[in-house]
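Remarks on the overall topology
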Amino acid sequence: MRPREHVLVVGGGIAGLALAAHLGRSTQVTLVEERPERAGAGTVLALWRGGRDALDTIGVGERVRATALPVEGGGLRSADGRDLVELRDRDQRLWFTPRPDLVAALEAAVPPSVTRLTRLVTDPRAVAAEVGADLVVGADGVRSAVRQHTFEGSAPIITDWVALRDHRPGPPVRTATEWWGAEGLFGLTPGPQGAAWFCAVRADHRDAPLERDEALALARGHFCDWDPRVGEVLAAVGEEADVQRILIAPRLPSYADEGVVLIGDAAHAMSPNLGRGANEALEDAVVLADLIHRRGTKGAPLAFSRRRRLRGRTLQLAGAAGLRVATSRRGARLRDAALRLVP
């Protein structure tokens, strides 16, 4: 029988909690997070079939479904509000779940045997030696200290895009709609308070911090001549709106190194327009936990990288390409005409 192994999970967001919940039942796990209160912040997250299957494997699928919001349809619109594509999701393949509910479900599934530490990690291997861990799992997001400590030159890539998101109280929304236009994208989805909205807009000065009021003014100015429905949402934005510069993870030669493996956004953070980030984090956690069960902490990291790296890179490229297509100034008329031909 293989001796009981010890895994250090750095990062207490969706990826880290999912791994600790699934792995902690049979393996000694230490979960370290600098600011645990941040994990549940946010609006809603898209859940596709793979993400929901991963939640079932972890054992929290039913709890998440209880508050999740299935999508009945949706579509794409041009910046001026004309319909480009109308979609009907009779099988309700896409759901939206409130992020706080998802995090709470994963938190509740973490076994009491998991050791919890609240601290900043700058040298993950030193922390692993301190607690006696055999493997470090970097689940600490796009700014991952584990990734940057392990792979030289792997700081996150700062894009010239800014994302804003918030809730829009009102009647329940059961469709997911996106507006596409030059240098910007706007979306409205089901949300626990009626609807959730998000937008992405280009912003100059990548290295300069962008304050919330500045970002909101930028968005209002950019979308002012779009569909009036977009302007109505932005005009009513409160002080709770979340603003983030869009960062993506750099291309890595591997998700694994000696005694270290990366999952979730630490490995493959992508532009958010695909709605895949939470799903990939959940699937990463399930795959890695199963590999550790079968191959141990020595054999699992490289096997995980071989299995998940191509998918992560493909989705990163697809997200970037999709954002370019949606927000392109050139060829927009041709794009819109082609979309109208979609059955």
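Look above for the structure.
Position numbers for residues start from 1 in each chain and track the written sequence from start to end. Thresholds applied to this predicted model are a pLDDT of at least 70 for local features of residues and 80 or more for the giving and counting of side-chain atom pairs; totals over whole chains, interfaces and linings are not thresholded and use all residues. Computation of side-chain values covers all heavy atoms of the structure but excludes hydrogens and water.

Think of a 1 Å grid over just the protein atoms. A cavity is a set of points where a 1.4 Å probe fits yet cannot get out, a pocket is an open set with protein on both sides within 12 Å along at least five of seven lines, and lining residues have an atom within 4 Å of a point. Grid points are joined across faces, edges and corners, and a volume is the space filled by probe spheres set on the points. Scanning all chains against the criterion turns up one cavity of 30 Å³ or more. Of the pockets and cavities examined, the largest cavity occupies roughly 40 Å³. If you list the elements that add at least two residues to the lining of the largest cavity, you get helix H2 (49-58) and helix H3 (61-67). Asp, Glu, Lys and Arg are counted as charged, while Ala, Val, Leu, Ile, Met, Phe, Trp, Tyr, Cys and Pro are counted as nonpolar; the rest, among them Gly, fall into the polar class. Looking at the lining of the largest cavity residue by residue, the classes come out as four nonpolar, one polar and three charged. In DSSP terms, a helix is any run of H or I states spanning at least four residues, a strand is any run of E spanning at least two, and both are numbered starting from the N terminus.

With that settled, consider H2. Within H2 the residues assigned to the buried category are Gly51, Arg52, Ala54, Leu55 and Ile58. For H2, the angular spread of buried residues about the axis comes to 155 degrees, placing them on one side. Any two residues whose heavy atoms approach within 4.5 Å at even a single point are treated as in contact. Looking at the buried side of H2, the elements it contacts are helix H1 (14-23), strand E3 (44-47), H3, strand E7 (95-98), helix H4 (99-109) and helix H10 (277-327). Looking one or two residues past H2, Gly59 carries a phi angle of roughly 105 degrees, positive in sign. A 1.4 Å probe rolled over the protein chains alone gives each residue an accessible area, and that area as a share of the maximum for its type sets the label: buried under 20%, exposed over 50%, partly exposed in between. Working definition: the arc comes from the directions between the helix axis and the C-beta atoms, pointing outward to the latter.

Here we come to the pairing of strand E9 (residues 135-138). What you see with E9 is no split at all: Leu135 and Val137 on one side and Val136 and Gly138 on the other are buried throughout. Relative to E9, strand E1 (residues 6-10) runs parallel, the two being bridged by four bridges. Within E9, the residue paired with Val10 across the bridge is Gly138. Strand pairing requires that DSSP identify at least two bridges connecting the strands. Note: E9 against strand E16 (residues 260-262), three bridges, orientation parallel. Residue Gly138 lies in a different strand from E16, and its bridge partner there is Leu262.

We now examine the sheet that holds strand E8 (residues 115-117). Across the sheet, six strands lie side by side as E8-E2-E1-E9-E16-E15; this open sheet has mixed pairing. Both edges of this open sheet fall to E8 and strand E15 (256-257), since each of them pairs with a single strand only. Lines fitted to C-alpha atoms define the axes here, with helix axes fitted over just the stretch in contact, and angles between the N-to-C directions of these axes take values from 0 to 180 degrees. Lying on the sheet, H10 is in contact with E1, E9, E15 and E16; it crosses E16 at an angle near 90 degrees.

Before going further, it helps to spend a moment on the layout of surface pockets. There is about 280 Å³ of room inside the second largest pocket. Looking at the second largest pocket, it is lined by 16 residues, and the ones nearest its centre are Thr159, Ile248, Ala320, Leu323 and Arg324. Per-element accounting of the lining of the second largest pocket gives the leading share, seven residues, to H10. Considered class by class, the residues forming the lining of the second largest pocket number eight nonpolar, four polar and four charged.

Geometric values such as these leave the question of function open.
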